[in-house]
Amino acid sequence: MKRQIIHINENKCSGCGLCVPDCPEGAIQIINGKARLISDLSCDGLGACIGTCPEEAITIEEREAAAYNEASVMENIISQGPVVISAHLKHLKDHNETVHYSEALKILEEKGIKVIESETSDTNHSCPGSANRLLNKIHTNSPESMEDFSELSQWPVKLKLLSPYSRVFTSGKIDLLVSADCVPYACGNFHKKFLDGNVVVTFCPKLDPYIDEYREKLEVIISEQDINSITITRMEVPCCSGVTSLVRDAVYKSGKTVKTEEIIIKI
C-alpha cells in the first residue's frame, strides 16, 4: 500500500542518535554510524522523530510500504516499560490516531497491563497544526467585513486530524457538514451557503488512504455525540459519491436516525 512514512537522508545524518528515544515504536536504530529505518511495520509516519534531528535529515515521504502494525509495535513498546508505553499512547492520542489508540489499549487490557497516561489537552498539543480548537468569530457589519468573512468555527477541518471526542464535537447539539475536499473550490459561496453554523469535516474519498478509519471515526461521532443533522457536499464526479456512501454507512452502524441531506456540486 502507498502511505506516509519517514525517510532518512544518509548524507545529512550524523549518527547522533537523538531520534532514537523519540521513536518508542522502535522503528529507528543506529547502524554503522547512521540512523536507519529498520521496519516499515513499526513506523506510523507521524514524524515524532523529526523535531529532534539537528541535521534535518528526517522527512516524511509517501511511498509503497507495509501497513503500520500496532500489534507488532506494542510487543516492542511493552518490553520497554510503563514510561515508554505511556509516551506511545500520548503520541497516538496527540495525533488523533483513534483506531491505533483503541487497538493499543485493547492489547494492554488483554495482557493485564494498566498504565496511567499523562494528561493531554487541545491547548497543550505536540503538533500545533493539528491542535483542536474552537474559533471565536467577530466581525463588523460593514460590507467590506461581510464580503471576506470566514464562517469557519473550528480547527482543524481534515477528518484525519480530528478526534471523535474533540470539543469540536462535544460543545452541544451540532449540525455536521461532511464535505469532499474539492467542494469549496468549485462552490463560490461555500462559506455562507454551507459552512455558516456547521461543524465541518473534510476528506477525499478517492485519494485518502484512511477510508476505513474515517468510517469508524464518523460512526463514533454520530453514535456518541449530539448530532442534529448531517449535510453532505460532494462533487458530481462518480468517485466523489464515496463521501455519501461512507456517511450513510456510518449512520447505519451508529444505530441512530439522523436527518441527512446530500448536495451535489457541479464542476
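Computed from a predicted structure; not experimentally measured.

Caption draft 1: Geometry of the nonpolar core. In terms of nonpolar packing, the biggest core is built from 36 residues, with Phe-169, Leu-176, Val-178, Val-201, Leu-218 and Ile-230 touching the most fellow members. The next biggest cluster of nonpolar side chains, apart from the first, holds 15 residues, and it includes Ile-8, Cys-23, Cys-53 and Ile-58.

Caption draft 2: Inspection of the sheet that holds strand 8 (residues 199-203) at higher detail. A sheet is described by the order of its strands in space; here four strands give the open sequence 8-7-9-10, paired in parallel fashion. Pairing within the sheet leaves two strands with one partner each, and these edge strands are strand 8 and strand 10 (259-265). Ignoring which end each strand starts from, the neighbouring axes of this sheet average 20 degrees apart. Most of the contacts of helix 8 (residues 241-254) go to strand 9 (residues 227-235), to which it runs at about 160 degrees, and overall it touches strand 7 (174-180), strand 8, strand 9 and strand 10.

Caption draft 3: Expanded view of the packing of aromatic side chains. For the structure shown, the criterion picks out three aromatic pairs. An angle of 50 degrees between the planes, with centres 5.1 Å apart, marks the rings of Phe-203 and Tyr-214 as tilted. Pair noted here: Phe-203 is in strand 8 and Tyr-214 is in helix 7 (residues 211-224), with a separation of 11 residues, a long-range link. When the centroid spacing of 6.0 Å and the interplanar angle of 55 degrees are considered together, the rings of Tyr-210 and Tyr-214 count as tilted.

Caption draft 4: Structural detail: the pattern of salt bridges. Under the criterion given, the structure shown has 17 salt bridges. The shortest N-O distance in the salt bridge between Asp-181 and Lys-158 comes to 2.9 Å. Within this pair, whereas Asp-181 is found in the loop between strand 7 and helix 5 (183-186), its partner Lys-158 is found in the loop between strand 6 (154-155) and strand 7, the two being separated by 23 residues in sequence. Judged by its relative accessible area of 24%, Asp-181 falls in the partly exposed class. When salt bridges with common partners are traced through the structure, they connect Glu-97, Lys-160, Glu-213 and Lys-217 into a single cluster.

Cut-offs applied
Residues numbered from 1 in each chain as written. Predicted model: local features only at pLDDT ≥ 70, side-chain atom pairs only at ≥ 80, totals over all residues. Heavy atoms only, no water. Core = buried A, V, L, I, M, F, W, Y, C linked by side-chain atoms within 4.5 Å. Buried < 20%, exposed > 50% of the residue type's maximum accessible area, 1.4 Å probe, protein only. Pairing = 2+ DSSP bridges. Helix = DSSP H or I, 4+ residues; strand = E, 2+ residues; numbered from the N terminus. Axes fitted to C-alpha atoms, helices over the stretch in contact; angles between N-to-C directions. Contact = heavy atoms within 4.5 Å. Phe/Tyr/Trp six-rings, centres within 6.5 Å; stacked < 30°, edge-to-face > 60°. Salt bridge = Lys/Arg side-chain N within 4 Å of Asp/Glu carboxyl O.

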